[in-house]
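Residues per chain, in single letters:
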Amino acid sequence: MSEVHPLFHQPIADHSFSADRSLLAVSRDTKVELYKRSGSGFTLQDELAGHDKTVTSVDIAPNTKKIVTCSQDRNALVWEPSPTGWKPTLVLLRINRAATHVRWSPDETKFAVGSGARVIAVCYFEGENDWWVSKHIKKPLRSTVFSLAWHPNSVLLAAGSADAHARVFSSFIKGVDQRPEPTAWGERIPFNTVCGEYINSSGGWVHSVAFSPSGNALAFVAHDSSVTVVYPSAPEQPPHAVLSVTTQMLPFVTLCWTREDQLVAAGHDCHPVVFEGSMEGWRLAYSVDDPRKSASSGASHESSALNMFRQMDLKGKSSADDTNLKTIHQNSITILRPYEGRPGNITKFSSSGVDGRIVIFPVKG
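Small disclaimer: the values here were computed from a predicted structure and weren't measured. (Residues numbered from 1 in each chain as written. Predicted model: local features only at pLDDT ≥ 70, side-chain atom pairs only at ≥ 80, totals over all residues. Heavy atoms only, no water.)

Caption draft 1: Broad picture of the overall build of the chain. Along the backbone of the chain there are two helices and 28 strands. What you see for the chain is a C-alpha radius of gyration of 21 Å, in line with the 21 Å of a compact globule of 365 residues. C-alpha extents for the chain along the principal axes are approximately 75 × 55 × 40 Å. Among the 365 residues that make up the chain, the fraction classed as buried is 52%. Counting contacts in the chain only where the partners sit at least 6 residues apart, residues at least 24 apart contribute 49% of the total. Of the roughly 16,700 Å² of accessible surface on the chain, 50% is carried by carbon and sulfur atoms. The averaged location of the 36 negative side-chain charges in the chain is 2 Å from the averaged location of its 36 positive side-chain charges. (Helix = DSSP H or I, 4+ residues; strand = E, 2+ residues; numbered from the N terminus. Rg over C-alpha atoms; globule rule 2.2 N^0.38 Å. Buried < 20%, exposed > 50% of the residue type's maximum accessible area, 1.4 Å probe, protein only. Contact = heavy atoms within 4.5 Å. Areas by Shrake-Rupley, 256 points an atom, 1.4 Å probe, with all protein chains shown as cover. Lys, Arg positive; Asp, Glu negative; His and termini not counted. Charge placed at Lys NZ, Arg CZ, Asp CG, Glu CD.)

Structure follows, in structure tokens:
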């Protein structure tokens, strides 16, 4: 069964759980609210108020428990737990447009911030001045960066942007990173090296990107309601396969991998959809919380014109439930996150939506 947590009646742009799932960070307008697990629900414990415009993204580091937030005010803040509460540390982003997306690297020494300034700020800590500084990935970005995803090696970084491209960059910073093992994406990879560049055939915005658990495949969703999975072959060589699944649904805006052969996407259709496949091909497997299956047998079968007009005469509307969706989320889903399990075997995932709800869905075996 799905767990439903209606937190408030405002959009949730992003959410993040701590590693033990006892703490939930949720963006709400210009603040980030921290909820503590209590029984089967969540209670508001604290709020982080350091931004003066809408908070667009939040991420909790699993091991250090540091929280990074970014906002339309062009700033990012790193919050650390202290005896007196959460202490913010300044981040020198050096961007002149809104920050759109932020994610910690798996080793938690860096984080990356996407922006409307056509740059990605890769940030690392400088102990001398007690602040976080950034290096910019600029070329060949031509538009707003919507989404970022880290490779398991903490050096490769994928980005999806409004110029209809998904790209894989190197974010190697000398003195911060260990030289990574060679991968199909590249071997010697100085900062800002483009290790892969893939275009959406319809020219649609690329809303979300994600590496598979092994890091050997990249998936992205675009505004043409498609899901694309890329399998690289070798550095500077054409990929083994670029597999695209087109759907008749409304556009997806977020995705996450559950296994090496399974991923979940969601967006404006208000319910998650599971895709399965391999290098041989991908397909839409099934819908989670499918509105067609949960449709009530009452009003949905009122097909006669007489009944419809009678309802309009009595209640001013054509059916009894035309304002409630038949899905758990009552508006677009904004972000999907792995919730329970380990990379490569996720057993539950969480979603947040424009309806102010957090929902935890189980994954079918």
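Now that the structure has been shown, the text picks up again.
Caption draft 2: Up close: the UniProt feature "repeat: WD" (unreviewed entry) in the chain. This chain's UniProt record puts "repeat: WD" (unreviewed entry) on residues 48-80. Within the segment residues 48-80, helix and strand shares are 0% and 52% respectively, and the terminal C-alpha atoms sit 11 Å apart. (UniProt positions renumbered as here; feature names shortened; annotations may be inferred.)

Caption draft 3: Structural detail: the sheet that holds strand β21 (residues 241-246). Read from one edge to the other, the open sheet built from four strands follows the order β18-β19-β20-β21, with strand pairing classed as antiparallel. One side of each edge strand has no neighbouring strand; the edge strands of this open sheet are β18 (206-211) and β21. Adjacent strand axes in the sheet meet at a mean angle of 15°, parallel and antiparallel pairs treated alike. For β18 and strand β19 (residues 218-222), the ladder comprises five bridges, and the chain directions are antiparallel. Across the sheet, the residue bridging to Ser-208 is Val-221, located in β19. (Pairing = 2+ DSSP bridges. Axes fitted to C-alpha atoms, helices over the stretch in contact; angles between N-to-C directions.)

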